[in-house]
Amino acid sequence: NKDALISITQGAPRINDEWLYAGILAHSVFGERGFSSRLSNIHSKFNFYGKLNSHLREHPTIPYVQVIGEVQYNGLSRLYYEIQAEFNNLSNNSITQIELDRLKTIRLNDYNNSLYDPERFSNFIQDNYNFNGYSLEKIPDKWAQINSVTLEEINNAASKIFDADNLMMVVVGNKDSCAIFLEQFEN
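Keep in mind it's a predicted model, so treat the numbers as computed, not measured.

1. Quick word on the side chain of Gln10
Now for step 1: Note on placement: Gln10 falls in strand E1 (residues 3–11).
Now for step 2: Within polar-contact distance, the side chain of Gln10 engages the backbone oxygen of Ile161 at 3.1 Å.
Now for step 3: At 3.3 Å, the side chain of Gln10 and the backbone oxygen of Asp163 are in polar contact.

2. Section: the pattern of salt bridges
Now for step 1: The full count for this structure, using the stated rule, is 3 salt bridges.
Now for step 2: Residues Lys45 and Glu82 are paired through a salt bridge, measuring 2.9 Å at the closest nitrogen-oxygen approach. Of the two residues, Lys45 sits in the loop between helix H2 (38–44) and strand E2 (52–57) while Glu82 sits in helix H3 (residues 76–90), which places them 37 residues apart along the sequence.
Now for step 3: Residue class for Lys45 comes out partly exposed when judged on its relative accessible area of 45%.
Now for step 4: Here the salt bridges do not stand alone but share partners, grouping Arg38, Glu86 and Glu99 into one network.

3. Some thoughts on the pairing of E1
Now for step 1: In the sheet, E1 pairs with strand E3 (residues 64–72) via 9 bridges, with the strands oriented antiparallel. Within E3, the residue paired with Gly11 across the bridge is Tyr64.
Now for step 2: When E1 meets strand E4 (residues 169–172), the two strands line up antiparallel, connected through 4 bridges. In the strand pairing of E4, Ile6 is matched with Val171.

4. Quick look at the packing of aromatic side chains
Now for step 1: Applying the stated criterion across every chain, the model contains 7 aromatic pairs.
Now for step 2: Measuring from ring centre to ring centre gives 5.6 Å for Tyr80 and Phe181, while their planes differ by 70 degrees; the resulting arrangement is edge-to-face. Residue Tyr80 is found in helix H3, and its partner Phe181 is found in helix H8 (residues 175–182); the two are separated by 101 residues along the sequence.
Now for step 3: Seen in terms of ring centroids, Phe87 and Phe162 are 5.1 Å apart; in terms of plane orientation they differ by 55 degrees. Their pairing is tilted. Taken together, the residues span a long stretch of sequence, with Phe87 in helix H3 and Phe162 in the loop between helix H7 (151–161) and E4 at a distance of 75 residues.
Now for step 4: Assessed through its relative accessible area of 0%, Phe162 is described here as buried.
Now for step 5: Following the ring pairs from residue to residue traces out a cluster consisting of Tyr80, Tyr81, Phe181 and Phe185.
Now for step 6: We note Arg78 situated over the ring of Phe46; from NZ or CZ to the ring centre the distance is 4.0 Å.
Now for step 7: Taking the ring centre of Trp19 as reference, the NZ or CZ of Lys160 above it sits at 4.5 Å.

Rules behind the numbers
- Residues numbered from 1 in each chain as written.
- Predicted model: local features only at pLDDT ≥ 70, side-chain atom pairs only at ≥ 80, totals over all residues.
- Heavy atoms only, no water.
- Helix = DSSP H or I, 4+ residues; strand = E, 2+ residues; numbered from the N terminus.
- Polar contact = N/O pair within 3.5 Å; in protein donor to acceptor, adjacent residues only side chain to side chain.
- Salt bridge = Lys/Arg side-chain N within 4 Å of Asp/Glu carboxyl O.
- Buried < 20%, exposed > 50% of the residue type's maximum accessible area, 1.4 Å probe, protein only.
- Pairing = 2+ DSSP bridges.
- Phe/Tyr/Trp six-rings, centres within 6.5 Å; stacked < 30°, edge-to-face > 60°.
- Lys NZ or Arg CZ within 6 Å of the ring centre and 35° of its normal.

Have a look at this one:
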């Protein structure tokens, strides 16, 4: 009763888009678990209260990035503006070469590690078989495609995905407790 749940959904690259791997890495800058992502930095401003995470759903027709969170009602406006500010940041070429290089290493290590665990290997092959149009031939290209992403490409992808001017947030909670937050919007 003291928390609101939020969900923000933004468009993402389709699996056959040329900027797919740049989009995957751009999402990782924002919301990847396991390192100091931009979303983790926002969550730290709320003393890691509740949950705040993001995932990228790769899909042929309706791909999206979703941010899901839980925040106390009195922090709802602040969370909205923190996320909106970070979206603006990402839309303005703020990803650095150091971030890109680190993300490439993380992503490639994840792919490599999946090859040694039978369950992860099986999932990896099935996911990529589906992802590559039911073909095993393109799976080895995955490493080269990640390595080929440039700083310009990842920043362009970030500006496409994290559009602060086209942001929709769903809030689930007590209407009276959300009133101050909701009153600032015309509709």
